[in-house]
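# Observations on the model geometry
Spelled out from the first residue to the last, the chains are:
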Amino acid sequence: MALLCATEDPLGLESSDIGEEYPVALLPANHPLAGLPDISLARLRSDPAYAPEPPATGLDELTDRVALGRLVVVVGHSVTDRLGSAVVGIPVTDLPPTDLRLAWPAESRDRRIANLLDLANSIVPSAPPHPTAETTVTPAAG
């Protein structure tokens, strides 16, 4: 099995939606835009530290780069509870959510797949409404 971020069914695989990830921009807490309730992609692109794709690194290193002002990046909202106080997540208003799916080979009939799907559906919280000015994402205390 694999966890996929997808908007279409993966070719040759069975899949099951397990949730949505809403885009948030990670900014240093002292960034001039950090106090906004939401932000557009165009405004993010004007920042010299903006990267269109997150670097291939772990969340700790990613947030360290953001906290030091070396990186501004868009990620899924589920990371916001692990940011700490030096980084904030601001909802990006003009990007669509990403579907999260579990996928497996279509021919597989392993009972463990059904068990994992049941578990995933029981623990993945319902997706929040798309973040807006009224539902600003706030970081956890760090």
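This text goes with the structure placed above it.
Since this is a predicted model, take the numbers as computed values, not measurements.

To continue, consider the overall build of the protein. Along its length, the protein carries three helices and six strands. Order of helices (α) and strands (β) in the protein, N terminus to C terminus: β-β-β-α-α-β-β-β-α. Counting the 142 residues in the protein, one finds 38% classified as buried. A sequence separation of at least 24 residues applies to 78% of the contacts in the protein between residues at least 6 apart.

It is worth spelling out the sheet that holds strand β3 (residues 23–28) at this point. With antiparallel pairing, three strands are arranged side by side in an open sheet as β4-β3-β5. Whereas interior strands pair on both sides, the edge strands pair on one side only; in this sheet they are β4 (73–76) and β5 (87–91). Taken pair by pair, the neighbouring strands of this sheet meet at an average axis angle of 40 degrees, ignoring direction. Examined bridge by bridge, β3 and β4 share four bridges and lie antiparallel to one another. If you follow Val-24 over to β4, its bridge partner there is Val-75. In the packing of helix α2 (residues 59–67) onto the sheet, the strands contacted are β3, β4 and β5, and the crossing angle to β3 comes to about 55 degrees.

Attention shifts here to α2. Taken as a whole, α2 has its buried residues at Leu-62, Thr-63 and Val-66. Projected onto a plane normal to the axis of α2, the buried residues spread over an arc of 90 degrees and lie on a single side. In this fold, the buried residues of α2 make contact with β3, β4 and β5. Where α2 terminates, the next one or two residues include Gly-69, which has phi positive at roughly 80 degrees.

This next bit is on the pattern of salt bridges. A complete count under the given rule lists five salt bridges for this structure. Notably, a salt bridge pairs Asp-17 with Arg-101, separated by 2.6 Å at the nearest N-O pair. Here Asp-17 is found in strand β2 (residues 13–21), whereas its partner Arg-101 is found in strand β6 (residues 98–105), with 84 residues between them in sequence. With its nearest N and O atoms 3.9 Å apart, the salt bridge here joins Asp-99 to Arg-101. Judged on exposure class, the residue Asp-99 and its partner Arg-101 are both buried. Ionic contacts of the salt-bridge type, sharing partners, join the residues Asp-17, Asp-99 and Arg-101 into one network.

Rules used in this analysis
Residues numbered from 1 in each chain as written. Predicted model: local features only at pLDDT ≥ 70, side-chain atom pairs only at ≥ 80, totals over all residues. Heavy atoms only, no water. Helix = DSSP H or I, 4+ residues; strand = E, 2+ residues; numbered from the N terminus. Buried < 20%, exposed > 50% of the residue type's maximum accessible area, 1.4 Å probe, protein only. Contact = heavy atoms within 4.5 Å. Pairing = 2+ DSSP bridges. Axes fitted to C-alpha atoms, helices over the stretch in contact; angles between N-to-C directions. Arc of directions from axis to C-beta. Salt bridge = Lys/Arg side-chain N within 4 Å of Asp/Glu carboxyl O.

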